[in-house]
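Below are the chains, spelled out letter by letter.
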Amino acid sequence: MTERDTARTLAHPEPDEIRLEGVLHALSDPVRLSIVRDLAATGAELSCSHFDLPVTKSTTTHHFRVLRESGVVRQTYRGTAKMNGLRRTELHTLFPGLLDGVLRAAAAEEARLGAPGAPVT
């Protein structure tokens, strides 16, 4: 590994370092939850630029950092792109049913209230 590769390696918590309160905090923000929903829906890694978020670039960076540091996503560099993948297996092992339950609840809320950002009548 070159010095440049080392500088581009991002820190991630090991499974035994992931805490429920950190995961719940990460999932409690609507922007972060929308990122997780997109990742879960595709089942693939997505670059940060894939997401069209209603926040500034610096705020987007913050949201991805919270998701990474809480153990919800794993980020890796592929060339110049930062790829994001959901840590579904680790989360399911640590907190069985939590992620699926949150995703189901978010889908139910969206169905009840309408699409995110749509006016509620």
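The structure presented is a predicted model; accordingly, all values stated were derived computationally and were not measured.

What to know about the environment of Arg104
- Relative to the helices and strands, Arg104 resides in helix 6 (residues 98-113).
- Exposure remark for Arg104: the relative accessible area of 58% places this residue in the exposed category.
- Along the sequence, Arg104 and Arg37 sit 67 residues apart, while their C-alpha atoms lie 9.8 Å from each other.

Section: the side chain of Ser70
- Looking at where Ser70 falls in the secondary structure, it is placed in helix 4 (residues 57-70).
- Looking at Ser70, its side chain comes within polar contact range of the main-chain oxygen of Leu67, at 3.0 Å.
- Apart from residues lying up to four places away in sequence, Ser70 is in contact with Pro13, Ile18, Gly22, Val23 and Ala26.

Describing the sheet that holds strand 2 (residues 73-78)
- Ordered in space as 1-3-2, the three strands form an open sheet in which the pairing is antiparallel. With one partner strand each, in any of the chains shown, strand 1 (46-47) and strand 2 form the two edges of the open sheet.
- As defined by bridge partners, strand 2 adjoins strand 3 (residues 81-86) across six bridges and the pair is classed as antiparallel. Opposite Thr76, over in strand 3, you have Met83 as the bridge partner.
- Of the strands in this sheet, strand 1, strand 2 and strand 3 touch helix 3 (residues 30-42), which is tilted by about 80 degrees from strand 3.

Remarks on the pattern of salt bridges
- Applying the stated criterion across every chain, the model contains seven salt bridges.
- Residues Arg74 and Glu90 are paired through a salt bridge, measuring 3.9 Å at the closest nitrogen-oxygen approach. In this pair, Arg74 is assigned in strand 2 and Glu90 in helix 5 (residues 88-94), connecting sequence segments 16 residues apart.
- The partly exposed category is assigned to Arg74, whose relative accessible area is 33%.
- Notably, a salt bridge pairs Arg112 with Glu109, separated by 3.9 Å at the nearest N-O pair.

As for the layout of surface pockets
- Its volume calculated, the second largest pocket comes out at about 250 Å³.
- Taken together, 15 residues form the lining of the second largest pocket, with Cys48, Lys57, Thr60, Thr61 and Phe64 sitting closest to its centre.
- Among the elements that take part in the lining of the second largest pocket, helix 4 stands out by supplying six residues, more than any other.
- Here the lining of the second largest pocket is composed, by residue class, of six nonpolar, five polar and four charged.

Let's talk about the packing of helix 3 against helix 6
- Two elements in contact, helix 3 and helix 6, have axes whose closest approach is 11 Å; the angle formed by their N-to-C orientations is 105 degrees. By the angle between their axes, helix 3 is roughly perpendicular relative to helix 6. Residues Leu33, Val36, Arg37 and Ala40 of helix 3 form the contact with helix 6, whose participating residues are Leu99, Val102, Leu103, Ala106, Ala107 and Glu110.
- A class-by-class count of the residues in the contact of helix 3 with helix 6 yields eight nonpolar, no polar and two charged.

Some remarks on the confidence of the model for the protein
- The pLDDT averaged across the protein works out to 90; a share of 88% of its residues lies at or above 70.
- Helix 2 (residues 20-27) holds the highest mean pLDDT among the elements of the protein, 98, whereas helix 1 (residues 3-7) holds the lowest, 49.
- Counting contacts from residues 1-6, a segment whose pLDDT is below 50, to residues more than four positions away or on other chains yields two contacts.
- Every residue in residues 117-121 scores below 50 in pLDDT, and together they form one contact with partners more than four places removed in sequence or on other chains.

Cut-offs used in this document
Residues numbered from 1 in each chain as written. Predicted model: local features only at pLDDT ≥ 70, side-chain atom pairs only at ≥ 80, totals over all residues. Heavy atoms only, no water. Helix = DSSP H or I, 4+ residues; strand = E, 2+ residues; numbered from the N terminus. Buried < 20%, exposed > 50% of the residue type's maximum accessible area, 1.4 Å probe, protein only. Polar contact = N/O pair within 3.5 Å; in protein donor to acceptor, adjacent residues only side chain to side chain. Contact = heavy atoms within 4.5 Å. Pairing = 2+ DSSP bridges. Axes fitted to C-alpha atoms, helices over the stretch in contact; angles between N-to-C directions. Salt bridge = Lys/Arg side-chain N within 4 Å of Asp/Glu carboxyl O. 1 Å grid on protein atoms, 1.4 Å probe; cavity = no way out; pocket = protein on both sides within 12 Å on 5 of 7 lines; lining within 4 Å. Points joined across faces, edges and corners; volume = space filled by probe spheres on them. Nonpolar A, V, L, I, M, F, W, Y, C, P; charged D, E, K, R; others polar. Parallel < 35°, antiparallel > 145°, perpendicular 65-115°, else oblique. pLDDT = per-residue confidence, 0-100.

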